[in-house]
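Remarks on the overall topology
Spelled out, the chains give:
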Amino acid sequence: MYVYTYKTYKSDMSKNFIIILCIVSLGGLLFGFDMAVIAGALPLVKQFFGLSPAQEGVFVSSALIGCIIGVFFTGSFTDKYGRKQAFIVASLLFLLSAIGCGLSPNYILLILSRGIGGLGVGIASIVVPLYLAEISPSKFRGRSVTCYQLAITFGILIAYISNYFILQLQSLPQTELWRGMFLVGVVPAILLCFGVYFIPESPRWLAKNGRNEEVAVISAKLGLTDLHDSPSPAKGNIRELFSPIYRRAFLLGLFLPLFSQLSGINAIVYYGPSILLESGISLANSYHAQLFFGAANVLFTCFAIWKVDNWGRRPLYILGTLGATISLIATGYLFSLEQTNNVALIVSILLFLFFFAFSIGPLKFVVAAEIFPNAIRARAMGISIMVMWISDAIVGQLTPILLASWGAHYTFWLFAFFCAIAFIVVLGYLPETKGKPLEDIEKYWIEKSKKNPSNQNA
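Our focus in this paragraph is the side chain of Ser391. Mapped onto the elements of the fold, Ser391 is located in helix α17 (residues 377-405). At 3.0 Å, the side chain of Ser391 forms a polar contact with the backbone oxygen of Met388. Apart from residues lying up to four places away in sequence, Ser391 is in contact with Pro257, Leu258 and Gln261.

Given below as structure tokens:
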């Protein structure tokens, strides 16, 4: 078995590819930052504008609404105009949102600016993993796409760190500090705006549109030697996902992001800091607790980058869903004993975060970017990511209600139940895609359907 080390990781990737990977990953960083910065800004914004509970709810949900709208249009847009054009649009939206939020003179403009940022996040959530999968050689495609998830976790951590240090500033009026929190996002947004003009178009999108001379030039620069002719027509119809050939791929594309949100990660984010504070661990306040969980999430995601192209997607997913199930059962059990100040509870929560961060979290993007045919990959991913955002909205609303009405132990056991279902689905239906060109994965579904014509789920 070939073992990846840091040295082979660097030698596999050309300098040109690494630069492109860093530029593109800024989209993930801004995704994470945009969704996390609200944690520190919300109390200050609420005080500054004197928001009612209803206005507070609109402020929080405006970015999510923008996400859903962005996802809805991105698949068709990037199939028609290319992956790079979608990047350019997303980068400009991120920049406008950061400036708009930081300088908003009134509540209405603040809401519009948050919605614009949500549009950028929605576009990035499709086009970043899609683009990385299409430009990466098969031997490290998993690591490349997982870097997107690492960038998201890093963006979340940056938001927590910047919020913390801005709150320590004594030179600025305390009621205006929320503006600085949003304006921090201007820096990575500007870097992305400049960087996207230097990245190439996806060679697979170019091949689909018959621009073969450009394909050869870009593939040579990227070291992409395993790009083959797609077995499916250049122009596809989204209805193909319901055919016997791609039906299993379509169901996996729906279930994996759904299980990601049903796994309990929202409950951990919501409840984790208060658990740490109640446990007696010496964290000065909730911001320290957020930094602790944010840093742990970044560290644990690195394990996925290390092993995703060595062990493969399937083993990591199986181990991760099983481990998440067990750790959530243990967490619920400790809550049922009212052991909220027990170090064992911290360990069980961190174990869940570990299992989530190397499997359920990043691999939904990796698998979704791999399993669909080239002709409709962007539109199919749009449906997959739409499921993620809608389920995120629903679970995010239900989590505090469940914690309040059912109690933490039953809530965590419910999440453990969903993780157990995810384990069964992955064990029975997820094929291994490690090291295979995207075109070979297409052929896999076609050949599997031919071998099992009577199996309508193939």
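Additional details are given in the paragraphs that follow.
Another point: the pattern of salt bridges. Following the criterion strictly, the structure yields 14 salt bridges and no others. One salt bridge connects Arg143 with Asp309, and the closest N-O pair in it is separated by 3.4 Å. Of this pair, Arg143 sits in helix α7 (residues 141-167) while Asp309 sits in the loop between α14 (286-307) and α15 (313-336); the two residues are 166 residues apart in sequence, bridging distant segments of the chain. There is no split in this pair, since Arg143 and Asp309 are both buried. The partner of Arg313 in a salt bridge is Glu370, with the nearest N and O atoms 2.5 Å apart. One end of the pair, Arg313, is in helix α15; the other, Glu370, is in helix α16 (residues 343-370), with 57 residues separating them in the sequence. Like Glu370, Arg313 is buried. Each of Asp79, Arg83, Glu134, Lys208, Arg377 and Arg379 takes part in salt bridges that share partners, so that together they form one network.

Another point: the environment of Val89. Examined against the element boundaries, Val89 turns out to sit in helix α5 (residues 83-103). Note on Val89: relative accessible area 33%, which makes it partly exposed. Distance from Val89 to Cys193, taken between C-alpha atoms, is 9.0 Å for residues 104 residues apart in sequence. Excluding residues within four positions of it along the chain, Val89 makes contact with Phe77 and Ile123.

For the rest of this paragraph, the subject is the packing of α17 against helix α18 (residues 408-429). Running from amino to carboxyl end, α17 crosses α18 at an angle of 140 degrees, the nearest separation of the two axes being 8 Å. Here α17 lies oblique to α18, going by the angle between them. From α17, Val395, Thr399, Leu402 and Leu403 reach across to α18, where they touch Ala408, Thr411, Phe412, Leu414 and Phe415. Grouping the amino acids of the contact of α17 with α18 by side-chain chemistry returns seven nonpolar, two polar and no charged.

Moving on, we get to the confidence of the model for the protein. Across the protein, the average pLDDT comes to 84, with 88% of residues at 70 or higher. When mean pLDDT is taken per element in the protein, helix α9 (residues 186-195) scores highest with 95 and helix α1 (residues 6-12) scores lowest with 49. Overall, residues 1-11 carries pLDDT values under 50, and its contacts beyond four positions in sequence, including any with other chains, amount to 16 contacts.

Reading the values: rules and limits
- Each chain has its residues counted from 1, following the order in which its sequence is written.
- In keeping with the predicted nature of the model, local features appear solely for residues at pLDDT of at least 70, side-chain atom pairs appear and are counted solely at 80 or more, and the whole-chain, interface and lining totals rest on all residues.
- Processing note: side-chain calculations cover all non-hydrogen atoms of the structure and skip hydrogens and water entirely.
- Only DSSP runs of H or I covering at least 4 residues are called helices, and only runs of E covering at least 2 are called strands; the numbering of each starts at the N terminus.
- We define a polar contact as two N or O atoms separated by no more than 3.5 Å, with the added condition that, inside protein, one atom must be a possible hydrogen donor and the other a possible acceptor, whereas residues neighbouring each other in sequence contribute only through side-chain atom pairs.
- Two residues qualify as a contact provided that any one of their heavy atoms is within 4.5 Å of a heavy atom in the partner residue.
- Salt bridges are counted wherever a side-chain nitrogen of Lys or Arg sits within 4 Å of a carboxyl oxygen of Asp or Glu.
- Relative accessibility under 20% of the residue-type maximum defines a buried residue, over 50% an exposed one, and the middle range a partly exposed one, all with a 1.4 Å probe and only protein chains included.
- Lines are fitted to the C-alpha atoms to define the axes, a helix being fitted only along its stretch in contact, and any angle between axes, read from their N-to-C directions, falls within 0 to 180 degrees.
- Every angle not falling under 35 degrees, over 145, or within 65 to 115 is termed oblique; those three ranges are roughly parallel, roughly antiparallel and roughly perpendicular.
- Put simply, Ala, Val, Leu, Ile, Met, Phe, Trp, Tyr, Cys and Pro go in the nonpolar bin, Asp, Glu, Lys and Arg in the charged bin, and everything else, Gly too, in the polar bin.
- On a range of 0 to 100, pLDDT expresses the predictor's confidence in each residue.

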